[in-house]
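# Topology and contacts: notes
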Amino acid sequence: MKYVNKKPAILLLSDGTIFYGKSIGIEGTAFGEVCFNTGMTGYQEIFTDPSYFGQIMVATNPHIGNYGVNDKEVESDSIKISGLVCKNFSFNYSRPDASGSLEDYFAKQNLICISDVDTRALVSYIRDNGAMNSVISTDGKSIEELKAMLNQVPDMKGLELASKVSTKEAYYFGDEKATYKIAALDLGIKTNILRNFAKRDCYIKVFPFDASYEDLASFNPDGFFLSNGPGDPDPLFGAQEVARQILANNKPLFGICLGHQVIALANGIATYKMFNGHRGINHPVMNLISGKGEITSQNHGFAVDKDQLESHPDFEITHLHLNDQTVAGMRMKNKNCFSVQYHPEASPGPHDSSYLFDEFIDRLKA
């Protein structure tokens, strides 16, 4: 059993609110938009999800690290969150197939974490006051120093972050002898999306965020995919143009999360920054086509404007978030195109929505 003498640490929000905690032993200062995830498990997948780049994660589950880490349970090649705030950090773990401790995992990647924070009070405050920039510090910087540094951090609205997490060079995933070929635009793609395509007899070529339509089309794919990712979709003019050209050439197109928002923008439908966003693995969604409810994994701070979508003659809403009636899915009436705001690949989360990958394969067949 390991015991740690924890040093004082601090979380400072951009509105001046302060929460106190303890350092888990990695000294430093980290900045990002503070947000919270309500998932009870799957913390390693959350920490490595590129969609969380630029964000300080608050874990609502009181115990983090209790089952260690596993090298196979990652959604990218590194931790993508800016920092972690939690209640109880477990230095000891008890899973037989764990690859190591979360403490060592954080230390190797210099991820700043503060524990012993009243996360119930913090989450309640964020829910009431909205997501905002924040800083966590474990190295003794003064409040005045932290405020001055925090003032230099740009707001998430208008911030393009896909370039920070996208692949630099195109790469392949799956069996090259597979029946179907998919060209994927990497805006911050999760590995489990690629796994879901590959196990459905697809060979995928993943392209950098700034690839052109001609680049993607040179793979001669059966269909195109626009991935999830971090930041505001509005500045992604290149990706929006790619979407427009895919649709102009009447090719099958599927989008998830940020890709879903890009498809909307490419058709003149606005997006907006949400007050808090949706982050967790238990979000209820209604499939308006089938009439069935789904429990979904979600991670987004921006959404598609529902009024503009409803008034657009070429689109229809296919899924609604049942908590706040925001758009969770849409499809085009005159094109082979559909998208969802949530994560059917889960990881972590329920598999209620995995049928969407099958639907895309059916569209490729057609």
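Okay, so let's go over this structure. (Residues numbered from 1 in each chain as written. Predicted model: local features only at pLDDT ≥ 70, side-chain atom pairs only at ≥ 80, totals over all residues. Heavy atoms only, no water.)

Before going further, it helps to spend a moment on the sheet that holds strand β10 (residues 171–173). Across the sheet, which stays open at both edges, the 10 strands sit in the order β10-β12-β11-β13-β14-β19-β18-β17-β15-β16 with mixed pairing between neighbours. Strand pairing shows two members of the sheet lacking a second neighbour, β10 and β16 (293–304), which therefore form its edges. Going across the sheet, the axis of each strand differs from the next one's by a mean of 25°, ignoring polarity. (Pairing = 2+ DSSP bridges. Helix = DSSP H or I, 4+ residues; strand = E, 2+ residues; numbered from the N terminus. Axes fitted to C-alpha atoms, helices over the stretch in contact; angles between N-to-C directions.)

Estimated volume of the largest pocket: approximately 340 Å³. Going through the elements one at a time, α3 (119–129) and β15 (271–287) are the ones with two or more residues in the lining of the largest pocket. Residue contributions to the lining of the largest pocket peak at 8 residues, all from β15. Here the lining of the largest pocket is composed, by residue class, of 4 nonpolar, 8 polar and 3 charged. Computed from the structure, the second largest pocket encloses a volume of approximately 200 Å³. The wall of the second largest pocket is formed by 15 residues, among which Ser76, Asp77, Lys80, Val165 and Asp186 lie closest to the centre. Residues that form the lining of the second largest pocket fall into these classes: 5 nonpolar, 5 polar and 5 charged. (1 Å grid on protein atoms, 1.4 Å probe; cavity = no way out; pocket = protein on both sides within 12 Å on 5 of 7 lines; lining within 4 Å. Points joined across faces, edges and corners; volume = space filled by probe spheres on them. Nonpolar A, V, L, I, M, F, W, Y, C, P; charged D, E, K, R; others polar.)

Each aromatic ring pair is specified by the distance between its two centres and by the angle formed by the two planes. Taken as a whole and judged by the stated rule, the model has 18 aromatic pairs. Between the aromatic rings of Tyr203 and Phe219, the centroid separation amounts to 6.1 Å while the plane-to-plane angle is 55°, which identifies the pairing as tilted. Pair noted here: Tyr203 is in strand β12 (residues 202–207) and Phe219 is in the loop between α7 (213–217) and β13 (223–226), with a separation of 16 residues, a long-range link. This pair shows no difference in class: Tyr203 is buried, exactly as Phe219 is. (Phe/Tyr/Trp six-rings, centres within 6.5 Å; stacked < 30°, edge-to-face > 60°. Buried < 20%, exposed > 50% of the residue type's maximum accessible area, 1.4 Å probe, protein only.)

With that settled, the discussion passes to the pattern of salt bridges. Across all of its chains, the model carries 13 salt bridges by this definition. The shortest N-O distance in the salt bridge between Lys80 and Asp77 comes to 3.1 Å. Residue Asp77 is classed as exposed on the basis of its relative accessible area of 73%. Across the salt bridge formed by Lys190 and Glu345, the nearest N and O atoms sit 3.0 Å from each other. Placement of Lys190 in the loop between β11 (180–185) and α6 (191–198) and of Glu345 in the loop between β19 (337–340) and α11 (355–365) is noted, with a sequence separation of 155 residues between them. Residue Lys190 is classed as buried on the basis of its relative accessible area, which comes to 2%. Residues participating in the shared-partner salt-bridge network are Glu73, Arg95 and Asp97. (Salt bridge = Lys/Arg side-chain N within 4 Å of Asp/Glu carboxyl O.)

Attention shifts here to empty space enclosed by the protein. Enumeration according to the criterion identifies 3 cavities of 30 Å³ or more in this entry. Of the volumes computed, that of the largest cavity is approximately 150 Å³. In terms of lining, the largest cavity is formed by 18 residues, of which the most central are Ser51, Gly231, His300, Gly301 and Phe302. Mapped by element, the contributors of at least two residues to the lining of the largest cavity are α9 (258–266), β15 and β16. In terms of residue count, β16 provides more of the lining of the largest cavity than any other element does, 4 residues in total. Tallied by class, residues from the lining of the largest cavity come to 7 nonpolar, 8 polar and 3 charged.

Attention shifts here to the sheet that holds strand β8 (residues 112–115). Reading around the circumference, β1-β2-β8-β6-β4-β3-β9 is the order of the 7 strands in this closed barrel, with mixed pairing throughout. Recorded for the sheet is a direction-independent mean angle of 35° between the axes of neighbouring strands. With 2 bridges connecting them, strand β2 (residues 18–23) and β8 associate as antiparallel partners. Paired with Ser23 across the strands is Ile114, a residue of β8. Along the sheet, helix α4 (residues 143–150) contacts β1 (8–13), β2, β3 (29–37) and β9 (132–137); its crossing angle with β1, the most-contacted strand, is approximately 40°. (Contact = heavy atoms within 4.5 Å.)

With that settled, consider helix α8 (residues 237–248). Across its 12 residues, α8 extends 16 Å between first and last C-alpha, which sits within 8% of the 16 Å expected from 1.5 Å per residue. Those residues of α8 that sit buried are Ala239, Gln240, Val242, Ala243, Ile246 and Leu247. Projected down its long axis, α8 carries its buried residues within an arc of 155°, all on one side. Facing away from the buried surface of α8 by more than 90 degrees, the exposed residues are Phe237 and Ala248. Immediately downstream of α8, the backbone of Asn250 shows phi near 55°, a positive value. (Expected span 1.5 Å × (residues − 1). Arc of directions from axis to C-beta.)

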